[in-house]
Amino acid sequence: MEITIIAETSGEGLHPVTEQLVGAASSLGGVITVLCPGGVGSNDASVISGVSKVISLQGDCFSSFDSGSWSTVMAPFSQGMVMASSSPSGRELGAQIASKIGAPIVQDITGIEPGYKVTRSVYSGKAVETSSLTAPCVVTLRQNAFEGASGGGSAEVVVVDNSTEVSVAVKEAIAKAGERMDVSDAEIVISGGRGMGEPSNFSQLNEVADVIGAAVGASRAAVDSWDEIPHSMQVGQTGKTVNPTLYIAVGISGAIQHLAGMRSSKYIVAINKDPDAPIFGVADYGIVATWEDALPALKEELGKLS
Amino acid sequence: MKIAVLLKQVPDTTAKIAVSGDRVDQSSVAKWSTSPYDEYALEYALQLKEAGAGDLVAITCGPDRAAKMLTDAAAVGVDSMLHVVADTTEMDSKQIQSILVAAINHCGADVVLCGKQAADTNSGSTGPGIASLMGAACVGMVSEVAVEGDGFSALRASSMGNERVSVSRPCLFAFDKASTELRRPNVKGIMMAKRKVIETVSTDDLGINLGESQVNIDSHDSPPEKPPGQKFEGADSVHTVVLKLREEANVI
Ligand SMILES: Cc1cc2nc3c(=O)[nH]c(=O)nc-3n(C[C@H](O)[C@H](O)[C@H](O)COP(=O)(O)OP(=O)(O)OC[C@H]3O[C@@H](n4cnc5c(N)ncnc54)[C@H](O)[C@@H]3O)c2cc1C
Ligand SMILES: Nc1ncnc2c1ncn2[C@@H]1O[C@H](COP(=O)(O)O)[C@@H](O)[C@H]1O
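These numbers were taken from a predicted model, which means no experiment stands behind them. Numbering of residues starts from 1 in each chain and follows the order in which that chain's sequence is written. Chain labels run from A onward and ligand labels from 1 onward, assigned in the order the entries are written. Residues qualify for local features only when their pLDDT is at least 70, as the model is predicted, and side-chain atom pairs are given and counted only at 80 or more; totals for whole chains, interfaces and linings, by contrast, use all residues. Excluded from the side-chain calculation are hydrogens and water; included are all heavy atoms of the structure.

### Let's talk about unusual backbone geometry
- Following A:Ala135, the chain continues into A:Pro136 via a peptide bond in cis, with omega recorded as -5°.
- With respect to the helices, strands and loops of the structure, A:Pro136 is situated in the loop between strand E9 (127–133) and strand E10 (137–141).
- Cis rather than trans, the peptide bond between B:Arg169 and B:Pro170 has omega equal to -10°.
- Its location among the elements puts B:Pro170 in the loop between strand E11 (161–167) and strand E12 (171–175).
- Despite not being glycine, A:Tyr116 has its phi angle at roughly 55°, a positive value.
- Numbered from the N terminus, helices here are DSSP runs of H or I no shorter than four residues, and strands are runs of E no shorter than two. As for its position among the elements, A:Tyr116 is in the loop between strand E7 (105–113) and strand E8 (117–122).
- Classification of A:Tyr116 as buried rests on a relative accessible area of 10%.
- Although it is not a glycine, B:Met141 sits at a positive phi angle of roughly 55°.
- Along the chain, B:Met141 turns up in strand E9 (residues 137–148). For every residue, the accessible area (1.4 Å probe, protein chains only) is compared with the maximum for its type, and the residue is labelled buried under 20%, exposed over 50%, or partly exposed between those bounds.

### A few points about the packing of aromatic side chains
Residue and element names in this part refer to chain A.
- Note on aromatic contacts: the rings of Phe and Tyr and the six-membered ring of Trp form a pair at centre separations within 6.5 Å, being stacked when their planes are under 30 degrees apart, edge-to-face when over 60 apart, and tilted otherwise. As enumerated under the stated definition, the model contains 6 aromatic pairs over all chains in all.
- Plain terms: the ring middles of Phe-202 and Trp-226 are 6.2 Å apart, the flat faces sit at 75° to each other, and that makes the pair edge-to-face. Of this pair, Phe-202 sits in helix H5 (residues 202–212) while Trp-226 sits in the loop between helix H6 (220–225) and strand E15 (246–250), placing them 24 residues apart in sequence. With respect to class, Phe-202 is no different from Trp-226; both count as buried.
- Each ring, one from Tyr-267 and one from Tyr-285, has its centre 6.4 Å from the other, and the planes form 10°; the classification is stacked. Of this pair, Tyr-267 sits in strand E16 (residues 267–272) while Tyr-285 sits in strand E17 (residues 285–288), and the two are 18 residues apart along the sequence.
- Site record: aromatic cluster; members linked through ring pairs are Phe-62, Phe-65 and Trp-70.

### Side note on the site of ligand 2
Residue and element names in this part refer to chain B.
- Around ligand 2, a shell composed of 18 residues is seen, among which Asp-38, Cys-61, Thr-121, Gly-124 and Thr-126 lie nearest.
- Accessible areas in this description were obtained via Shrake-Rupley with a 1.4 Å probe; residue shielding takes into account the shown protein chains only. Coverage of ligand 2 by the protein chains reaches 98% of its 480 Å² of free accessible surface.
- Throughout, the protein atoms alone are placed on a 1 Å grid, and a set of points is a cavity if a 1.4 Å probe fits but cannot get out or a pocket if it is open with protein on both sides within 12 Å along at least five of seven lines; lining residues have an atom within 4 Å of a point. Cavities and pockets are treated as containing a molecule whenever more than half of the molecule's atoms lie within 2 Å of their grid points. A majority-of-atoms criterion places ligand 2 in the second largest pocket.
- Listed by contribution, the elements that provide at least two residues to the shell around ligand 2 are strand E6 (55–62), helix H3 (93–107) and strand E8 (109–115). Each residue is tested against the molecule or strand, and it is near if at least one of its non-hydrogen atoms lies within 4 Å.

### Quick word on the sheet that holds E9(B)
- One bridge is not enough; two strands pair if DSSP finds at least two bridges between them. The sheet built from 10 strands is open, its strands ordered E12(A)-E11(B)-E10(B)-E9(B)-E12(B)-E8(B)-E1(B)-E6(B)-E7(B)-E13(B) with mixed pairing. The open sheet is flanked by strand E12 (169–175) of chain A together with strand E13 (198–201) of chain B, the only strands paired with a single partner. Adjacent strand axes in the sheet meet at a mean angle of 30° when their direction is disregarded.
- Across 7 bridges, strand E10 (residues 151–158) of chain B lies against E11(B) in antiparallel orientation. Its bridge partner lying in E11(B), B:Arg156 is registered against B:Glu163.
- Two residues qualify as a contact provided that any one of their heavy atoms is within 4.5 Å of a heavy atom in the partner residue. The angle between two axes is taken between their N-to-C directions and runs from 0 to 180 degrees, where each axis is a line fitted to C-alpha atoms and a helix contributes only its stretch in contact. Contacts between helix H2 (residues 67–75) of chain B and the sheet are confined to E6, strand E7 (80–85) and E13 of chain B, with E7(B) contributing the most and set at about 170° to the helix.

### Structural notes on the layout of surface pockets
Residues and elements named next belong to chain B.
- Considering only enclosed or pocket space, the second largest pocket measures out at about 960 Å³ in volume.
- Around the second largest pocket, the lining is made up of 48 residues, and of these Lys-8, Thr-88, Ile-96, Asp-120 and Thr-121 lie nearest the centre.
- For the lining of the second largest pocket, the leading source of residues is E6, giving 4 residues.
- Only Asp, Glu, Lys and Arg are considered charged, only Ala, Val, Leu, Ile, Met, Phe, Trp, Tyr, Cys and Pro nonpolar, and every remaining residue, Gly among them, polar. Looking at the lining of the second largest pocket residue by residue, the class counts come to 19 nonpolar, 18 polar and 11 charged. Grid points are joined across faces, edges and corners, and a volume is the space filled by probe spheres set on the points.

### Regarding the nonpolar core
- Among buried residues, the Ala, Val, Leu, Ile, Met, Phe, Trp, Tyr and Cys ones that are joined through side-chain atoms within 4.5 Å form a nonpolar core. Judged by nonpolar contacts, the single largest core of 38 residues is most densely connected at B:Val5, B:Val78, B:Leu113, B:Val145, B:Phe152, B:Phe173 and B:Phe175.
- Take this core: its biggest share by element is 7 residues, from helix H1 (residues 36–50) of chain B.
- Sequence-distant contacts of B:Val145, defined by excluding residues within four places in its chain, comprise B:Tyr44, B:Leu48, B:Leu113, B:Phe152, B:Ser153, B:Ala154, B:Phe173 and B:Phe175.
- Membership of the second largest hydrophobic core comes to 37 residues, among which are A:Ala218, A:Leu246, A:Val250 and A:Ile287.

### So, the site of ligand 1
- Close to ligand 1 lie 27 residues; A:Arg194, A:Ser219, A:Thr238, A:Ser253 and A:Gln257 are nearest.
- This site is not confined to one chain, since residues near ligand 1 come from chains A and B.
- Polar contact criterion, stated in full: a pair of N or O atoms within 3.5 Å, where within protein one must be able to donate a hydrogen and the other to accept it, and residues adjacent in sequence count only if both atoms are side-chain atoms. At a separation of 3.0 Å, an oxygen atom of ligand 1 approaches a polar backbone atom of A:Gly251.
- Between ligand 1 and A:Lys273, the relevant distance is 3.3 Å, taken from a nitrogen atom to a main-chain nitrogen or oxygen of the residue.
- Those elements giving two or more residues to the shell around ligand 1 turn out to be H6, helix H7 (256–262) and helix H8 (291–304) of chain A.

### Examining the pattern of salt bridges
- A pairing counts as a salt bridge when a side-chain nitrogen of Lys or Arg comes within 4 Å of a carboxyl oxygen of Asp or Glu. Applying the stated rule across the entire model yields 23 salt bridges over all chains.
- Here B:Lys8 ties to B:Asp120 by a salt bridge, and the two come within 3.0 Å at their closest N and O atoms. Separated by 112 residues along the polypeptide, B:Lys8 in the loop between strand E1 (2–6) and strand E2 (9–11) and B:Asp120 in the loop between E8 and helix H4 (126–134) bring together distant segments of the chain.
- Several salt bridges share partner residues, and in doing so they unite A:Arg91, A:Asp108 and A:Arg142 into one network.

Limitation: the analysis is restricted to geometry and does not speak to function.
This is how it looks when you write it as structure tokens:
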């Protein structure tokens, strides 16, 4: 059985989710080829254990993101079951490849078993769907839902230089201002809500985050109320879906739309002064306290760990 | 030259979702709404229409109840509405895309706006899939679009932050949350909408051969209940919780 993996990149290298894609593919016992758009990360991909072949795609069209031209070049190499990350670009590229190879796509799966039985969450996390597929098909995998493959592999790297016409022209890049780690990438996320009172109080979340290497997120109420809190930090139904090992919600009531983006976190800690806040319903560990009292204590206690 | 906006009717985000047997029980959904991102697509589609980019048609594929959403769209200014009456709940991505592409072609639209992801499927397959089938430029994660010469300029999220991109027709924009206000219908709009006729068609009318779904849904289940959490009073308990995170949960 052939499995084609679309490498997910981050800057000049591979994003760690690529190892998780290989891990999931290996658990199915597939023969794995990794496609590296723009050639980014091809050497790193070749040493992931379980990879048979890496195709480094070098065409000019890969200099900026255009799912149309990228998928045109990638479709002929997309054999068997195709796997990509369920990041925004992974979903877009996956859907275009699916359409070009005439296959269906199932997005954002959190589980896969031999026989192509896949699990995913639907209705904003209010139901779980299990479905069965046959190859050819495309699936995108939720980040951190699968065990990553280890290193130690030595796959051959094949360079292919194909390009095609680009239909989306990038005119201007607008960088995020001093942005911290992205919430979708982090193992630990600490988020603040309207209960933080003022945007400047997010500095206290940043301080705790720095101690444990966490990303800082926010509720929609915080993003909507305060210009200083960008939408890129928003967790929830109309923000990002996160799947960290630890999610700490501070001054967040736990509205259903917020839960939609974080309830699959492995462990949830809630800090809220209202003992009846719905967030306590999903929290593994709830602390009924104000953040003014709890955050300095949290920073101190975490700082004591080594 | 026509603009199409794709609107999907989904359970309101506040609605409870019940599973009965092995499927989500659609009949128990208390409130249906337009999928949240589609509302941003609609707002920008109206702005493009007002800027002279073409007449605007709202398209949906869904059961009879979805018609209400089209009437609501007419009340804020869409020129025409197309309702493909079909039950999409068991369809795979290819089937739903083939219906919507046929609907878009039926209306003669070459600019399409849709949501980045529907609130029921949580997928994000439809927009890019349609763009591919139409041979249209695909711009995802869009939070702004405007007319620029014969084409369009859009703002989309990128790994670096945001990017401003240019495209020409045919093109598709899949919308993320935007920072614009959504318009609400006024009395005049509601009265006008009552006089607009929804074109209602079946998949047969559009000449679509749907084929078999290649994704078989085995079951829907309610999300696993989490064991009840532990709750502590006061900031003094932070010490205990941190200890438990290290020793019980093993996450720090
Ligand atoms: C279509 C739609 C989509 C949405 N999408 C999202 C989404 O993606 N993400 C999202 O988050 N929301 C989303 N929402 C909004 C959601 O319904 C809630 O309004 C929002 O999550 C509330 O944010 P909050 O918990 O920060 O604020 P609030 O509900 O105001 O809660 C503030 C909490 O802080 C606590 N608090 C106050 N002071 C303190 C203190 N000193 N110390 C400790 N605790 C304190 C309070 O007890 C309260 O529980 C969406 C809504 C709709 C309709
Ligand atoms: N049945 C439908 N009718 C109209 N538009 C749809 C339908 N299904 C999907 N769409 C559009 O495609 C977007 C993405 O849907 P999905 O791929 O299911 O996440 C939605 O936000 C809608 O704009």
